[in-house]
Number of protein chains: 2
Amino acid sequence: MNNLDFIFQRRSIRKYTGEAVDKKTIEQLLSAAMSAPSACAKDPWRFIVVHNKETLQKISEGLPNGKFLPDAPVGIVICGDIESAHANELSYMLQDCSAAIENLLLAVTALGLGACWLGVHPREDRVKHIKTIFKLPENIIPVGVIAIGYPAETPAPRQRGKAEYITWHD
Amino acid sequence: MNNLDFIFQRRSIRKYTGEAVDKKTIEQLLSAAMSAPSACAKDPWRFIVVHNKETLQKISEGLPNGKFLPDAPVGIVICGDIESAHANELSYMLQDCSAAIENLLLAVTALGLGACWLGVHPREDRVKHIKTIFKLPENIIPVGVIAIGYPAETPAPRQRGKAEYITWHD
């Protein structure tokens, strides 16, 4: 077991057993998400936890790569509050929400669950679709949706880094 | 030890012992960073590893919150290649780079190192400052700089999540 296997073991999981994810586990996952750093500690992330199958179905209809979302026992919509973000900057809001999402995905893996990150922002149709379903105010901007469940597939850990993406400046 | 302590233990570290970080360790950290998911697997992240004290000093002069950067034995500049990002979208580029940065920070913690994320994007002066130092082409956009070293301070693990940021939609 490599020290960093908790990272290499995270893979996108799109098939789930029927088992439910209990509320305490979801609270742990969100605590992990909110332990990410954020620009000037503004913590602009907001989370909508969805169990309702019909709502998951509705969400999936606006996400071309998320047709399997209703198979997951829970979906979490990650939004940013642009009014809470440092300097009201979209860039900071996206960086903060993405760090939180990555924490969430690694926590999912560590707890024996599986997840898949479905992109929303910057696709205007997807943003509008999610905003309409949840009647979100203007300042709350959907960034992504995470499908979560107990995994019914077990892809191997993977390292796919490329040396060509690194410049050594000594 | 909580299962998720690998996340709660990550804290911003701004004081370092003089000990060097070896190349193999840095390669591990970057492999962890590049194991983050990215939109359509475009992996638009690019990394500049900096050991040179004068260069770290120069970088720090453009980062108001990064005066301690030259105290770190190594700094990593994370950039995005907007031409490689999915649909050439800045939003995807930022999301992908931020997920990679969060992986990097957690890997740092797991290996007994400490780090601090210094923001660059979207501040135009900071972006230009970094681009000038490394003579970066137009498509390579600096996102952040990570100061890394062996920690000379040991803040306690922390959970700072707020229940009010969660909406339960059953």
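Please refer to the structure higher up on the page.
Residues numbered from 1 in each chain as written. Chains lettered and ligands numbered in written order. Predicted model: local features only at pLDDT ≥ 70, side-chain atom pairs only at ≥ 80, totals over all residues. Heavy atoms only, no water.

Concerning the overall build of chain A
Stage number 1. Counting its regular elements, chain A contains 5 helices and 5 strands.
Stage number 2. The order of helices and strands in chain A, counted from the N terminus, is α-α-β-α-β-α-β-α-β-β.
Stage number 3. Relative to its length of 170 residues, chain A is compact, with a C-alpha radius of gyration of 16 Å against a globular reference of 15 Å.
Stage number 4. Overall, chain A is about 45 × 45 × 30 Å in size when its C-alpha atoms are taken along their principal axes.
Stage number 5. The burial tally for chain A puts 61% of its 170 residues in the buried class. (Helix = DSSP H or I, 4+ residues; strand = E, 2+ residues; numbered from the N terminus. Rg over C-alpha atoms; globule rule 2.2 N^0.38 Å. Buried < 20%, exposed > 50% of the residue type's maximum accessible area, 1.4 Å probe, protein only.)

Regarding the pairing of strand β3 (residues 114-119) of chain B
All names here are of chain B.
Stage number 1. Counting buried positions along β3 gives 5 out of 6 residues, so the element sits mostly inside the fold.
Stage number 2. Of the strand pairs in this sheet, β3 and strand β4 (residues 140-149) are connected by 6 bridges, and their pairing is antiparallel. Directly across from Cys116, in β4, lies its bridge partner Ala147. (Pairing = 2+ DSSP bridges.)

Things to note about the side chain of Ser31(B)
Stage number 1. Turning to its location among the elements, Ser31(B) is positioned in helix α2 (residues 23-33).
Stage number 2. Of the polar contacts made by the side chain of Ser31(B), one reaches the side chain of Gln159(A); its length is 2.6 Å.
Stage number 3. Among residues more than four places away in sequence, those in contact with Ser31(B) are Phe8(A) and Gln159(A). (Polar contact = N/O pair within 3.5 Å; in protein donor to acceptor, adjacent residues only side chain to side chain. Contact = heavy atoms within 4.5 Å.)

Considering the sheet that holds strand β1 (residues 45-50) of chain B
Stage number 1. Spatially, 5 strands are ordered β5(A)-β1(B)-β2(B)-β4(B)-β3(B) in an open sheet, and the strand pairing comes out mixed. The sheet is open, and its two edges are formed by β5 (166-169) of chain A together with β3 of chain B, each paired on a single side. Each adjacent strand pair in this sheet contributes to an overall mean axis angle of 20°, direction not counted.
Stage number 2. Sheet analysis places β1(B) next to strand β2 (residues 74-81) of chain B, joined by 6 bridges and oriented antiparallel. By the bridge assignment for β2(B), Val50(B) is matched with Gly75(B).
Stage number 3. In the packing of helix α5 (residues 124-134) of chain B onto the sheet, the strands contacted are β5 of chain A together with β1, β2, β3 and β4 of chain B, and the crossing angle to β4(B) comes to about 85°. (Axes fitted to C-alpha atoms, helices over the stretch in contact; angles between N-to-C directions.)

Description of the interface of chain A and chain B
Stage number 1. Counting residues at the interface gives 63 residues for chain A and 63 residues for chain B.
Stage number 2. Around 5600 Å² of area is buried between chain A and chain B when both sides are counted, 60% of it from carbon and sulfur atoms.
Stage number 3. When the buried area of chain A at its contact with chain B is split by residue, Arg160(A), Tyr165(A) and Trp168(A) rank highest and sum to 13% of it.
Stage number 4. Our count for the chain A to chain B interface comes out at 2 salt bridges.
Stage number 5. Of the charged contacts, one joins Asp43(A) and Arg160(B) as a salt bridge, the two residues approaching to 2.9 Å between their closest N and O atoms.
Stage number 6. Run the count over chain A and chain B and you get 29 residue pairs in polar contact (both at pLDDT 80 or more).
Stage number 7. Contributing elements (two or more residues each) for the side of chain A that touches chain B: α1 (5-8), α2 (23-33), β1 (45-50), α4 (90-110), α5 (124-134) and β5 of chain A.
Stage number 8. The residue inventory of the side of chain A that touches chain B, partitioned by class, reads 31 nonpolar, 19 polar and 13 charged. (Buried area = accessible area lost by both parts, 1.4 Å probe. Salt bridge = Lys/Arg side-chain N within 4 Å of Asp/Glu carboxyl O. Nonpolar A, V, L, I, M, F, W, Y, C, P; charged D, E, K, R; others polar.)

A short note on the nonpolar core
Stage number 1. Ile146(A), Ile148(A), Ile146(B) and Ile148(B) are the most contacted members of the largest nonpolar core, which has 81 residues in total.
Stage number 2. For Ile146(A), the contacting residues outside a window of four places in its chain are Val74(A), Gly75(A), Ile76(A), Ile78(A), Ile101(A), Leu104(A), Leu105(A), Ala115(A), Cys116(A) and Trp117(A). (Core = buried A, V, L, I, M, F, W, Y, C linked by side-chain atoms within 4.5 Å.)

Comments concerning unusual backbone geometry
Stage number 1. That bond from His121(A) to Pro122(A) is cis: its omega, 10°, falls within 30 degrees of zero.
Stage number 2. Despite not being glycine, Asp43(B) has its phi angle at roughly 40°, a positive value.
Stage number 3. Here Asp43(B) shows up in the loop between α2 and β1.
Stage number 4. By relative accessible area, Asp43(B) is classed as buried at 8%.
Stage number 5. Residue Asn88(B) is not a glycine yet carries a positive backbone phi of 55°.
Stage number 6. Note on placement: Asn88(B) falls in the loop between β2 and α4 (90-110).

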